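Structure assessment
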Amino acid sequence: MRTEEKLLPRALRGAVVDRHPLWLMRQAGRYLPEYRELRAKAGGFLDLCFTPALATEVTLQPIRRFGFDAAILFSDILVVPWGLNQKVGFQEGEGPKLDPIRDAAGLAALSLDGMIERLAPVYETVGRLKQDLPPETTLIGFAGAPWTVATYMIEGGSSRTFEHSRRFAAEDKVGFETLMALLVEATVAHLDAQVRAGAEVIQLFDSWASALEGEAFERWVVAPAKRIVAALKEKHPKLPIIGFPRASGAHYLGYAKATGVDAVSIDQDMPLAFARDVLQPSVAVQGNLDPLVLVAGGQALETRVRAITDALGRGRFVFNLGHGIVPQTPPEHVAKLVDLVRAIKPARG
Ligand code: 1CP
């Protein structure tokens with residue numbers, strides 16, 4: 001039996017499609033009442049991530065409601081530090097809390113040995129999803145990129161300034177390089193395990209890439225992504241990989257060319273003309289509706305959906321947000337967005 005290639009991988013490799021694939025970053029989560037209900041029953045957030053029956057159910061919730069073209073595994077970028085033996089917790093409403101790593105002793109306590117075994121429930125979830133998803137839905141696996149994950153490990157949680165991370169990188173180049181090399185290796189192993197369990201497309205989230213400039217951007221954003229892409233493509237030559245060096249502006253082109261990703265996910269600040277004229281000739285582009293325009297809904301939403309599909313719809317394109325959906329998003333606006341994007345016929349020429 002010949003299996004039809006699904007819509008998302010088709011669009012990522014630049015085939016002609018009869019509609020634009022659509023999924024949303026953070027499409028599972030707190031804006032859905034059914035998520036909040038299950039989250040309350042699960043106990044801690046990591047318990048939810050590490051209980052395959054629950055993580056599978058949460059991944060499927062937005063697919064049942066909206067019929068997105070792709071499901072993204074329900075997990076978190078911080079399962080990797082947890083798998084490396086760092087203490088990671090999530091307090092309700094406060095975001096992640098980690099025991100910060102600032103010196104050689106902190107680094108020495110991390111270990112890749114046993115990480116894949118510790119994260120086995122995540123791969124079991126991928127396997128279950130493979131069984132339970134509708135046949136036309138693509139399963140996306142993901143990881144945080146080393147720089148973004150390192151910021152949480154060093155700061156001990158979310159940050160606005162990344163003070164300790166940037167100082168660590170500048171003051172202790174050897175120590176920081178050791179941490180980044182470990183994270184490259186851990187990320188490759190974690191993504192490879194997801195692909196072996198059934199993930200069909202991978203997204204690498206570098207949410208805080210824009211905190212770095214110039215040489216530091218090359219060294220800590222571009223170079224690690226290049227190594228991760230090369231290692232994964234060696235094992236899985238046809239695997240489509242989406243990179244998200246969020247908010248890195250004109251750096252996106254160098255990132256796309258140097259890393260070998262198949263697509264870049266662009267944030268809402270990226271001008272559409274730049275994405276169309278400069279990026280799309282080299283890679284597929286995914287994006288970039290402002291999550292707050294989705295909250296607003298109405299005419300603002302319709303106008304912006306049109307502008308994005310008019311600009312990017314002639315090239316290799318996947319409809320998405322510019323960053324994750326926010327908890328205050330009305331689910332009806334998401335349903336409306338799906339109708340709007342589905343009604344648009346891709347114009348090739
Ligand atoms: O209380 C809750 O329910 C926790 C909220 C939540 C959710 C729903 C967190 C905590 N993580 C997640 C799931 C998640 N995280 C997914 C899968 C769900 C989906 O997309 O449908 C994914 C892909 C992530 C990725 C993630 N986690 C990123 C990269 C993407 C991005 O948004 O920039 C980052 C930076 C994190 C860290 C994280 N996890 C959770 C929080 C509150 C944070 C901190 C965010 C910050 O520092 O601003």
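Computed from a predicted model, the values in this text were never measured in an experiment.

Quick look at the packing of helix 14 (residues 272-279) against helix 16 (residues 298-312)
At their nearest, the axes of helix 14 and helix 16 sit 9 Å apart, and the two run at 15° to each other. On the basis of the axis angle, helix 14 is roughly parallel to helix 16. For the pair helix 14 and helix 16, the sense of crossing is right-handed. Here Leu272, Ala275 and Arg276 of helix 14 come into contact with helix 16, specifically with Arg304, Ala307, Ile308, Ala311 and Leu312. For the contact of helix 14 with helix 16, the per-class residue count stands at six nonpolar, no polar and two charged.

A short note on the site of the ligand
Taken together, 23 residues sit near the ligand, with Tyr35, Tyr152, Ser158, Ser207 and His323 positioned nearest. Between the ligand and Gln27, the relevant distance is 3.1 Å, taken from an oxygen atom to a main-chain nitrogen or oxygen of the residue. At the level of elements, helix 2 (33-42) and strand 3 (95-98) are the ones that each hand at least two residues to the shell around the ligand. Here the shell around the ligand is built from residues that sort into 13 nonpolar, six polar and four charged.

Examining the packing of aromatic side chains
Counted under the stated rule, the structure contains twelve aromatic pairs. Taken together, a centroid distance of 4.7 Å and an interplanar angle of 85° make the contact between Phe176 and Trp220 edge-to-face. In this pair, Phe176 is assigned in helix 11 (residues 173-197) and Trp220 in helix 12 (residues 214-235), connecting sequence segments 44 residues apart. Taking relative accessible area as the criterion, Trp220 reaches 5% and is therefore assigned buried. Linked through ring pairs, Tyr35, Phe45, Phe74 and Phe90 together constitute an aromatic cluster.

Digging into helix 2
Taken as a whole, helix 2 has its buried residues at Tyr35, Leu38, Arg39 and Ala42. Angular distribution of buried residues about the axis of helix 2 spans 105°; they occupy a single face of the element. Relative to its buried face, helix 2 has exposed residues pointing more than 90 degrees away, namely Glu37, Ala40 and Lys41. Along its buried surface, helix 2 packs onto helix 3 (45-49) and helix 4 (52-66).

Overview of the sheet that holds strand 8 (residues 284-289)
An order of 1-4-5-6-7-8-9 is seen for the seven strands of this open sheet, with the pairing classed as parallel. Each end of this open sheet is capped by a strand with a single partner; those strands are strand 1 (70-72) and strand 9 (317-321). Averaged over all pairs of adjacent strands, the angle between strand axes in this sheet comes to 25°, irrespective of strand direction. Examined bridge by bridge, strand 1 and strand 4 (residues 138-144) share three bridges and lie parallel to one another. Bridged to Ala70 within strand 4 is Thr138.

Rules and cut-offs
Residues numbered from 1 in each chain as written. Predicted model: local features only at pLDDT ≥ 70, side-chain atom pairs only at ≥ 80, totals over all residues. Heavy atoms only, no water. Axes fitted to C-alpha atoms, helices over the stretch in contact; angles between N-to-C directions. Helix = DSSP H or I, 4+ residues; strand = E, 2+ residues; numbered from the N terminus. Parallel < 35°, antiparallel > 145°, perpendicular 65-115°, else oblique. Left-handed = near helix turned anticlockwise from the far one by under 90°. Contact = heavy atoms within 4.5 Å. Nonpolar A, V, L, I, M, F, W, Y, C, P; charged D, E, K, R; others polar. Near = heavy atom within 4 Å. Polar contact = N/O pair within 3.5 Å; in protein donor to acceptor, adjacent residues only side chain to side chain. Phe/Tyr/Trp six-rings, centres within 6.5 Å; stacked < 30°, edge-to-face > 60°. Buried < 20%, exposed > 50% of the residue type's maximum accessible area, 1.4 Å probe, protein only. Arc of directions from axis to C-beta. Pairing = 2+ DSSP bridges.

Such coordinate-based values are descriptive only and should not be taken to indicate function.
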